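What follows is the residue order along each chain.
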Amino acid sequence: MVWYVFVVEAIVFAGLFTTILFATYHGDRIYSPECIHNYPPDIQEEYFKTHERVDVSYKSKKVVMAKSCGIILFTVILIICAKLAGAVTFWQGFAIAFGLMVWIGAYDTFFLDWVLFANMKMFRLEGTEHMDEAYHQKWFHLKGAIFPGLVFALIPAALVGLFISLMG
């Protein structure tokens, strides 16, 4: 494996991830359940006081569908990353994919959630703009990064490892 390629991939992955999030979450876009579940419960409650209540649980059909699409998208990206980094075995593919998923989870939590989303009004749900303290809940995002974040990361990592091992 070529480790400097992994570092470059991590930087590019973070840029791509940030671009996708900015395109998904900002502006006057009507927020859908696959987005709202990423906000702390007190922000969701305030939002649903003035908007139609929808199921935002991890078991809801729209959230499951969004997460499934995320797994497919991440798996494709991570297969490319693993091949570029020189992975040839299951464990090399798994390690590269899992490492990139852990990196993106940490980047998402410590930079996007704690710094950008907490401080940029453009990411606030309509009717919750005044909830500064609620948007700075670090523990909510850290818990999400650990579980289900790390568990979620195992799925594309295992798929990447399997794909790499089958490609030989």
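The structure presented is a predicted model; accordingly, all values stated were derived computationally and were not measured.

A.B. asks: What exactly am I supposed to notice about the environment of Phe 6 here?
C.D. replies: By secondary structure assignment, the location of Phe 6 is in helix 1 (residues 3-25). Take Phe 6: its relative accessible area is 18%, and that puts it in the buried class. For the pair Phe 6 and Phe 17, spaced 11 residues apart in the sequence, the C-alpha separation amounts to 16 Å. Leaving out residues up to four positions away in the same chain, Phe 6 has contacts with Ile 96, Gly 99 and Leu 100.

A.B. asks: Honestly, the pattern of salt bridges in this entry has me stumped. Any pointers?
C.D. replies: Oppositely charged side chains may form a pair once their charged atoms are brought near each other. Tallied over the entire structure, the rule returns 4 salt bridges. Where Asp 132 meets Lys 121, a salt bridge forms, and the shortest distance between an N and an O atom there is 3.1 Å. With Asp 132 in helix 6 (residues 132-135) and Lys 121 in the loop between helix 5 (90-119) and helix 6, the pair connects residues that are 11 residues apart, well separated along the chain. Among the ionic pairs, Asp 132 bridges to Arg 124, the shortest N-O distance being 2.5 Å.

A.B. asks: Explain helix 4 (residues 61-84) to me, please; I cannot follow it from the model alone.
C.D. replies: A rise of 1.5 Å per residue sets the reference length of helix 4, with its 24 residues, at 34 Å; its end C-alpha atoms lie 35 Å apart and thus fit the reference within 8%. Buried residues of helix 4: Val 63, Gly 70, Ile 71, Phe 74, Thr 75, Ile 77, Leu 78, Ile 79, Cys 81 and Ala 82, and no others. Immediately downstream of helix 4, the backbone of Gly 86 shows phi near 90°, a positive value.

A.B. asks: Where do I start with a nonpolar patch on the surface in this structure?
C.D. replies: Taken together, the side chains of Val 102, Ile 146, Phe 147, Leu 150 and Val 151 present a nonpolar region at the surface, about 430 Å² in accessible area. Assignment of secondary structure puts Leu 150 in helix 8 (residues 149-167). Classification of Leu 150 by relative accessible area gives partly exposed; the value is 35%.

A.B. asks: Explain the nonpolar core here, please?
C.D. replies: Grouped burial of nonpolar side chains is what soluble globular proteins tend to show. Phe 13, Leu 78 and Leu 100 are the most contacted members of the largest nonpolar core, which has 42 residues in total. If you list the elements that add at least two residues to this core, you get helix 1, helix 2 (33-36), helix 3 (41-48), helix 4, helix 5, helix 6 and helix 8. At 10 residues, the largest contribution of residues to this core is made by helix 5. If we ignore the near neighbours within four places in the chain, the residues touching Phe 13 are Phe 74, Ile 77, Leu 78, Leu 100, Met 101 and Ile 104.

A.B. asks: Mind showing me how you'd approach the packing of helix 7 (residues 138-146) against helix 8 here?
C.D. replies: Helices that pack against each other are described as a pair by the angle of their axes relative to one another and the distance between those axes. Where helix 7 meets helix 8, the axes come as close as 4 Å, and the angle between the chain directions of the two elements is 30°. Relative to helix 8, helix 7 is oriented roughly parallel. Listed contacts from helix 8 to Gly 144, Ala 145 and Ile 146 of helix 7 are Gly 149, Leu 150 and Val 151. When the residues that make up the contact of helix 7 with helix 8 are grouped by side-chain class, the tally is 4 nonpolar, 2 polar and no charged.

A.B. asks: For this particular structure, what's the right way to read the state of the cysteines?
C.D. replies: Covalent bonding between the sulfur atoms of two cysteines defines a disulfide. Here the structure, examined in full by the defined rule, presents 0 disulfides. For the unlinked cysteine Cys 81, the closest cysteine sulfur is that of Cys 69, found at 19 Å. Owing to a relative accessible area of 9%, Cys 81 belongs among the buried residues under this scheme.

A.B. asks: In this structure, what is going on with the UniProt feature "transmembrane region" (unreviewed entry) in the protein chain? I would like to understand it.
C.D. replies: What UniProt calls "transmembrane region" (unreviewed entry) maps, in this numbering, to residues 6-25, 69-88, 94-117 and 145-167. In residues 69-88, the share of helix is 80% and the share of strand is 0%. The end C-alpha atoms are 26 Å apart. As annotated, residues 94-117 comprises 100% helix and 0% strand, and the C-alpha atoms at either end are separated by 30 Å.

A.B. asks: Looking at this structure, how should I read unusual backbone geometry?
C.D. replies: Most peptide bonds take the trans configuration, and most residues that are not glycine carry a negative phi. Note that the residue after Phe 147, namely Pro 148, is joined by a cis bond; omega there is 20°. With respect to the secondary-structure elements, Pro 148 resides in the loop between helix 7 and helix 8.

What counts and how
- Residues numbered from 1 in each chain as written.
- Predicted model: local features only at pLDDT ≥ 70, side-chain atom pairs only at ≥ 80, totals over all residues.
- Heavy atoms only, no water.
- Helix = DSSP H or I, 4+ residues; strand = E, 2+ residues; numbered from the N terminus.
- Buried < 20%, exposed > 50% of the residue type's maximum accessible area, 1.4 Å probe, protein only.
- Contact = heavy atoms within 4.5 Å.
- Salt bridge = Lys/Arg side-chain N within 4 Å of Asp/Glu carboxyl O.
- Expected span 1.5 Å × (residues − 1).
- Patch = residues over 30% accessible without salt bridge, like charges linked within 9 Å, V, L, I, M, F, W, Y side chains within 5 Å.
- Areas by Shrake-Rupley, 256 points an atom, 1.4 Å probe, with all protein chains shown as cover.
- Core = buried A, V, L, I, M, F, W, Y, C linked by side-chain atoms within 4.5 Å.
- Axes fitted to C-alpha atoms, helices over the stretch in contact; angles between N-to-C directions.
- Parallel < 35°, antiparallel > 145°, perpendicular 65-115°, else oblique.
- Nonpolar A, V, L, I, M, F, W, Y, C, P; charged D, E, K, R; others polar.
- Disulfide = S-S within 2.5 Å.
- UniProt positions renumbered as here; feature names shortened; annotations may be inferred.

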